[in-house]
Amino acid sequence: MYALDGHAIEHSWKSVTFAFCRNNSEMRIKDCIAWLWNASRGNHLHILCVGVTGMVRVAVSLFFIWVCKGLIDNVTGQSEGWSLGVLVAMMIVSMAVRPLLSLMADRLARKTEACMNNELRMNIFDHLMASRWDSRESRHSGDILNRLIDDVPSVSEVLCRGIPSVMITTCQLIGALYILSKMDVRLALILLFIMPAALLLSKSYVSRMRKLTHDIRSRESAIQEHIQESVQNRLLLRSMEYTPYSVSKLGDMQSGLFRNVMRYTNFALFSRLMIQVGFSAGYATAFLWGIFGIRSGAVTFGTMTAFLQLVAQIQNPMVELSRQIPAFIRVMTAAERLAELSDAPLEQTGKPVVLTGRAGIRIGHLTYSYPGGEKKVFDDFSHDFTPGSLTAVIGETGIGKTTLMRLILALVSPDSGNVVFYDCEGNKAEASPLTRRNLSYVPQGNTLFSGTVRENLRMGNPEATDEEMTADIGCPQDGSRRRSSIDPLKNHRVNSADDERKHALPFRGDRDLLSFPQQDDDLLEESVIADN
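Residues numbered from 1 in each chain as written. Predicted model: local features only at pLDDT ≥ 70, side-chain atom pairs only at ≥ 80, totals over all residues. Heavy atoms only, no water.

**Quick notes on helix 2 (residues 29-39)**
Stage number 1. Buried residues of helix 2: Asp31, Cys32, Trp35, Leu36, Asn38 and Ala39, and no others. When helix 2 is viewed along its axis, its buried side chains cluster within an angular range of 165° and face the same direction. Away from its buried face, by an angle of more than 90 degrees, helix 2 presents the exposed residues Lys30, Ile33 and Trp37. (Buried < 20%, exposed > 50% of the residue type's maximum accessible area, 1.4 Å probe, protein only. Helix = DSSP H or I, 4+ residues; strand = E, 2+ residues; numbered from the N terminus. Arc of directions from axis to C-beta.)

Structure, rendered in structure tokens:
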């Protein structure tokens, strides 16, 4: 018997699993952080470089404030220190360096965000395609698409821009408070109390905003599902005169989304208002402090200018941090939704098991019922599809023809019994994802993918030459006609199951077991053929 030892595909970003994905509970913040850490693995150094570059720019900005103070005091004769020429030179250098550092940080952030966006979407897509098929799958393709298209960029943006922004603003806040405390410790303490108090007051609405964000994203997914289904089945909807109801349903769904968006907007505006009130109070305090300081002679004109500049250096980080609150709420919701996709168990992987010579399939005492169903599709079923034989499995709808094919393809596993592949040389292997190499499968209906006919044909045989493909679809061998037959983009459609088999089977002819689901009449809906 062939060994079936395989290993599950593991991605480093997905080393943390969450029970919440199975019981729909809310992800804890520490679990969210752990998932984001693993999702950004491989980009940690780039994210750190973005933050460090920004912090250097902050240091240059604070240095510029110190230089401006020195220039004013030097001109007004209120202090002695560096010469006027040196101070002017330092001001020019700092003004030139700041935009360069800003451009460097922005370019690195954009590059890191684009790379991480592609990597994260690729990893989740790879996991979805390699995960085990679940007959009870309730997640709509529109919902999955919405998560891959919208949630992945949300995560990438916060990790590659939000995290460095927090690093930069924190550095800027600490640096500005430190310099301000060196000039006047009392003013620094007053500002330190006023603005964080407003920020903390706005945080009282974080939990409600998080709930609203989750509901908004869920409604957006539902809208995308409805649009996708309606467009895909628009001819059926028109035939049944259901189009007005479909349009009306979309309107109702969008109205619900609009109400939640406005509720979220109101909470966000209240949070921003609290921040602005605190900032206004802080600026007024610094301005009046400087005015009365100049009047008493305790503060110079240069020091007052520095006060106002430093207040801005403190306010800007606070504003930025307040803006990051909704962003981090969104990314927690996005992380929950993406982690649900990455929680699906993976199929067995490894080296394909390829039988030699003529092959057969032996089914022994097989029992199977779909999860959650009471009816047994198969109950102690046994049969031997011997090598070289021709067998057609026919029956009415729901009798189990498709389920039998899924069991042979190892898309589902039997409750008991087994499905074994064997050949005339005594080799055998129990059905698994590794034994699919022995099967040729032609799906029911016109299953084609976007692209050229050539690309669709090569799904059956990636090594097929143009001559083989041209011969398969019955085209003459002259170059122009041949190339026009296999190269069109999206303009060559398969019109029947026979047409589809004509395209696919010759490139699967090196396999002994052939599987044809088809619709020829009411009874003969599908067939499974084992042929030499």
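Right, picking up where we left off after that structure.
**A few points about the packing of helix 4 (residues 84-130) against helix 5 (residues 141-183)**
Packed helices, taken two at a time, are described by the angle between their axes plus the distance between the axes.
Stage number 1. Put simply, helix 4 and helix 5 touch, their axes get as near as 8 Å, and they point 145° apart. Crossing angle aside, the handedness with which helix 4 passes helix 5 is right-handed. In contact with Asp106, Ala109, Arg110, Thr112, Glu113, Met116, Asn117, Leu120, Arg121, Ile124 and Leu128 of helix 4, helix 5 contributes Ile144, Leu148, Ile149, Val152, Pro153, Val155, Ser156, Glu157, Leu159, Cys160 and Arg161.
Stage number 2. Split into classes, the residues belonging to the contact of helix 4 with helix 5 amount to 13 nonpolar, three polar and six charged. (Axes fitted to C-alpha atoms, helices over the stretch in contact; angles between N-to-C directions. Left-handed = near helix turned anticlockwise from the far one by under 90°. Contact = heavy atoms within 4.5 Å. Nonpolar A, V, L, I, M, F, W, Y, C, P; charged D, E, K, R; others polar.)

**Remarks on the sheet that holds strand 4 (residues 428-430)**
Stage number 1. Taken in spatial order, the four strands line up as 2-1-3-4 in an open sheet, and their pairing is antiparallel. Because the sheet does not close on itself, it has two edges, and the strands there are strand 2 (378-385) and strand 4. The average undirected angle you get between the axes of adjacent strands in this sheet is 15°.
Stage number 2. For strand 1 (residues 359-368) and strand 3 (residues 416-423), the ladder comprises seven bridges, and the chain directions are antiparallel. (Pairing = 2+ DSSP bridges.)

**Considerations on the side chain of Asn38**
Stage number 1. Structurally, Asn38 can be placed in helix 2.
Stage number 2. The exposure class of Asn38 is buried, given its relative accessible area of 4%.
Stage number 3. From its side chain, Asn38 meets the backbone oxygen of Ala34 in a polar contact 2.7 Å long.
Stage number 4. Looking at Asn38, its side chain comes within polar contact range of the side chain of Arg41, at 2.7 Å. (Polar contact = N/O pair within 3.5 Å; in protein donor to acceptor, adjacent residues only side chain to side chain.)

**Re the confidence of the model for the protein chain**
Close inspection of predicted coordinates is inappropriate for parts of the model with low pLDDT.
Stage number 1. Per-residue confidence for the protein chain averages 75 on the pLDDT scale, and 75% of its residues sit at or above 70.
Stage number 2. Every residue in residues 1-25 scores below 50 in pLDDT, and together they form 62 contacts with partners more than four places removed in sequence or on other chains.
Stage number 3. Confidence drops under pLDDT 50 across residues 489-509; counting only partners more than four residues distant or on other chains, this segment forms 48 contacts. (pLDDT = per-residue confidence, 0-100.)

**Quick look at a nonpolar patch on the surface**
Stage number 1. Among the surface-exposed residues, Leu45, Leu48, Val52 and Val56 lie close enough to one another that they form a single nonpolar patch of about 340 Å² accessible area.
Stage number 2. By secondary structure assignment, the location of Leu48 is in helix 3 (residues 44-76). (Patch = residues over 30% accessible without salt bridge, like charges linked within 9 Å, V, L, I, M, F, W, Y side chains within 5 Å. Areas by Shrake-Rupley, 256 points an atom, 1.4 Å probe, with all protein chains shown as cover. Salt bridge = Lys/Arg side-chain N within 4 Å of Asp/Glu carboxyl O.)

**Side note on helix 11 (residues 401-408)**
Stage number 1. With respect to burial, helix 11 is a largely interior element, six of its eight residues being buried.
Stage number 2. Residue Ala410 follows helix 11 closely and has a positive phi angle near 60°.

**Examining the packing of aromatic side chains**
How two aromatic rings sit relative to each other is set out by the distance from centre to centre and by the angle between their planes.
Stage number 1. With the rule as written, the count across this model stands at four aromatic pairs.
Stage number 2. Seen in terms of ring centroids, Tyr368 and Tyr370 are 5.1 Å apart; in terms of plane orientation they differ by 80°. Their pairing is edge-to-face.
Stage number 3. Here Tyr368 falls in the buried class, since its relative accessible area comes to 3%.
Stage number 4. Seen in terms of ring centroids, Phe378 and Phe381 are 5.4 Å apart; in terms of plane orientation they differ by 35°. Their pairing is tilted.
Stage number 5. Over the ring of Phe64 we find Arg98, and its NZ or CZ is 4.5 Å from the ring centre.
Stage number 6. We note Arg362 situated over the ring of Tyr422; from NZ or CZ to the ring centre the distance is 4.1 Å. (Phe/Tyr/Trp six-rings, centres within 6.5 Å; stacked < 30°, edge-to-face > 60°. Lys NZ or Arg CZ within 6 Å of the ring centre and 35° of its normal.)

**A few points about the packing of helix 3 against helix 4**
Stage number 1. At a closest axis distance of 8 Å, the pairing of helix 3 and helix 4 adopts a crossing angle of 160°. Classified by the angle their axes make, helix 3 and helix 4 are roughly antiparallel. Helix-helix and strand crossings are classified by hand; for helix 3 and helix 4 the assignment is left-handed.
Stage number 2. The class makeup of the residues in the contact of helix 3 with helix 4 is 23 nonpolar, nine polar and two charged. (Parallel < 35°, antiparallel > 145°, perpendicular 65-115°, else oblique.)

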